[in-house]
Amino acid sequence: MGGERGTHAAAVAGQAVTPTEERGIAGWAGGPVGPGGPRGGGGQPGRTRTYYLAADEVRWDYAPLGRNNITGQPFGAAENVFVQQGPDRIGKVYVKALYREYTDASFTHLKPRPPKWQHLGLLGPVIQAEVGDTIVVHFKNQTRFPMSLHPHGVFYRKNSEGAGYNDGTSGRARADDAVPPGGRVRQVWQVPPRSGPGPNDPSSVLWMYHSHVDESGDTNAGLVGPIIVTAKGKARPDGSPRDVDRQFVTLFTVFDENRSPYLDLNIQTFAGDPASVDKEDEDFHESNLMHAINGYVFGNLPGLGMGFGERVRWYPFAMGTEVDLHTPHWHANTLLWNGNRVDLVETLPASLKMLDMEADNPGTWLYHCHVNDHIDAGMAALYTVRS
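Described in the following lines is the structure provided in the data block. (Residues numbered from 1 in each chain as written. Predicted model: local features only at pLDDT ≥ 70, side-chain atom pairs only at ≥ 80, totals over all residues. Heavy atoms only, no water.)

This part takes up the overall build of the protein. Secondary structure summary: the protein contains six helices and 19 strands in total. Accessible surface for the protein amounts to roughly 15600 Å². Of this, 50% is attributable to carbon and sulfur atoms. (Helix = DSSP H or I, 4+ residues; strand = E, 2+ residues; numbered from the N terminus. Areas by Shrake-Rupley, 256 points an atom, 1.4 Å probe, with all protein chains shown as cover.)

Attention shifts here to a negative patch on the surface. Judged by side-chain charge, Glu282, Asp283, Glu286, Asp373 and Asp376 come together as a negatively charged surface patch. The set of elements that each furnish at least two residues to the negative patch consists of α5 (282-287) and α6 (372-376). Sort the elements by how many residues they give to the negative patch and α5 lands first, with three residues. Within the secondary structure, Glu282 sits in helix α5. Given a relative accessible area of 67%, Glu282 falls into the exposed group. (Patch = residues over 30% accessible without salt bridge, like charges linked within 9 Å, V, L, I, M, F, W, Y side chains within 5 Å. Salt bridge = Lys/Arg side-chain N within 4 Å of Asp/Glu carboxyl O. Lys, Arg positive; Asp, Glu negative; His and termini not counted. Charge placed at Lys NZ, Arg CZ, Asp CG, Glu CD. Buried < 20%, exposed > 50% of the residue type's maximum accessible area, 1.4 Å probe, protein only.)

Using the criterion set out here, one finds 15 aromatic pairs in the structure. Between the aromatic rings of Phe145 and Tyr262, the centroid separation amounts to 5.2 Å while the plane-to-plane angle is 75°, which identifies the pairing as edge-to-face. Separated by 117 residues along the polypeptide, Phe145 in the loop between β4 (134-141) and β5 (150-151) and Tyr262 in the loop between β10 (246-256) and α4 (263-270) bring together distant segments of the chain. The pair formed by Phe145 and Tyr262 is uniform in burial state, with each residue classed as buried. In textbook terms, an aromatic cluster arises when at least three aromatic residues are bridged by ring pairs, as seen for Phe248, Phe252, Trp314, Trp330, Tyr367 and Tyr383. (Phe/Tyr/Trp six-rings, centres within 6.5 Å; stacked < 30°, edge-to-face > 60°.)

Another aspect to go through is the side chain of Lys353. Within the secondary structure layout, Lys353 lies in the loop between β16 (340-342) and β17 (355-358). Despite its burial, Lys353 pairs with no opposite charge; the closest candidate is Glu346, at 4.9 Å N-O. Here Glu346 takes part through its backbone oxygen, which lies 2.3 Å from a polar atom of the side chain of Lys353. (Polar contact = N/O pair within 3.5 Å; in protein donor to acceptor, adjacent residues only side chain to side chain.)

Once their charged atoms are close, side chains differing in charge can pair, the charge on each being opposite to the other. Applying the stated criterion across every chain yields a total of 17 salt bridges. Here Arg49 ties to Asp133 by a salt bridge, and the two come within 2.6 Å at their closest N and O atoms. With Arg49 in strand β1 (residues 48-61) and Asp133 in the loop between β3 (127-130) and β4, this residue pair connects regions lying 84 residues apart in the sequence. Both residues of the pair, Arg49 and Asp133, count as buried. For the salt bridge of Asp245 with Arg311, the shortest nitrogen-to-oxygen distance reads 3.2 Å. Here Asp245, found in the loop between β9 (224-230) and β10, pairs with Arg311, found in strand β13 (residues 311-318); they are 66 residues apart in sequence, far enough to count as distant. Here Asp245 falls in the partly exposed class, since its relative accessible area comes to 39%. Residue classification places Arg311 among the partly exposed positions, given a relative accessible area of 37%.

Next up on the list: α4. Three or more residues of α4 are buried, namely Leu263, Asn266, Ile267 and Phe270. Angular distribution of buried residues about the axis of α4 spans 100°; they occupy a single face of the element. Residues of α4 that are buried make contact with β1, β2 (93-102) and α5. (Arc of directions from axis to C-beta. Contact = heavy atoms within 4.5 Å.)

Looking now at the pairing of β3. Burial of β3 is two-sided: the residues Ile127 and Ala129 facing one way and the residues Gln128 and Glu130 facing the other way are all buried. Sheet topology note: the β3/β9 ladder contains four bridges and is parallel. Directly across from Glu130, in β9, lies its bridge partner Thr230. (Pairing = 2+ DSSP bridges.)

Pairing is mixed across the open sheet formed by five strands, whose spatial order is β2-β1-β4-β7-β6. With one partner strand each, in any of the chains shown, β2 and β6 (155-156) form the two edges of the open sheet.

Here Arg242 shows up in the loop between β9 and β10. The spacing of Arg242 and Ser204 is 38 residues in sequence and 9.7 Å in space, taken between C-alpha atoms. Residue contacts for Arg242: discarding those within four places in its chain leaves Gly233, Lys234, Ala235, Arg236 and Arg311.

Checked against the element boundaries, Asp324 lands in the loop between β13 and β14 (328-330). Expressed as a C-alpha distance, the spacing of Asp324 and Val254, which sit 70 residues apart in the sequence, is 6.7 Å. Asp324 has contacts with Thr253, Val254, Ala318, Met319, Thr347, Leu348 and Pro349, leaving out every residue within four places of it along the chain.

Time to look at the pairing of β2. The buried fraction of β2 amounts to eight of the 10 residues, a majority that puts the element mostly inside the structure. Across 10 bridges, β1 lies against β2 in antiparallel orientation. Residue Ala55 lies in a different strand from β2, and its bridge partner there is Tyr99.

The phi angle at Phe298 is positive, at roughly 50°, despite the residue not being glycine. Along the chain, the position of Phe298 falls in the loop between β11 (289-293) and β12 (305-307). On the basis of relative accessibility, which here comes to 5%, the residue Phe298 falls in the buried class. Look at Ala350: it is not a glycine, yet its phi comes out positive at around 70°. Turning to its location among the elements, Ala350 is positioned in the loop between β16 and β17.

Listed below in structure tokens is the structure:
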């Protein structure tokens, strides 16, 4: 069931946010705040951006179109290794745990996902901020397992790290390490200059967040999401960079459903004859390796559309294990990465890339991992440049 999971944390109604944090870290906007604190680059305090995120259990369909949308043909023998349900096969629908955004702390109404983020698929909502801002996340665990919310790149104290290990902390400082089912915490992340673009970066950079209780099991279950930080003075009010027209975030990973804590539940729910399933069988194991982009296989990913001449920033990243060496490749258009002209970029687990495209070639084009085994297993999507 995905390995041992931490259970030491108790539900916390809400961790206090200090007046300094609520004012957008006024104390550090112009300089250091003390030992171990972030160093600001001067200027006015930023905004406080508040998010309400829950870990929810969702039935996820890796191929909702019911066909190979790259070839335009029905699934055949090669695709059915991964997508066909049977007496001892789960198929293309799995129970997963996903981060979802709500409108307020009641966690009763999901916040609608706007069309520009339709392509995110199973990824959590984009957390956007500008250097100098403060991010406040109210996190509730609505799954059956302890889960957490751990960010990359931003500045946090121990009570907002979302990761438990032998770090010498105790009590409330560990409440965020493993949030029990039904529990909630408030986490505060500051966004100093060292969380924003570096000298060779574009105007915004990608970070991510994920659960860190049983990190391998939690991320294979689906608990991953993006953070985008824009340079000071270069952001729109929503935190997005002003110098681009569109942003796409794409996660390349082989979701290993054998490693998910929901494996037994998925067998019982979706296999035609659960008693016939041999979890040690190599073919069964292979059938649960979903070579996905944002949780979709064989071209089923929606929403990668742009207009001719638009300035588009792509943020590809990866998660996974040693098989997750990915090479996202765009047909027909080129991009700039770190000053280099490319149509392909390399990603490893937890590596994060930023590339800029000026879409100058209309049509519907292939976007895929260039690793042969991953091509065969359906790690491909389509993107469209409208004329």
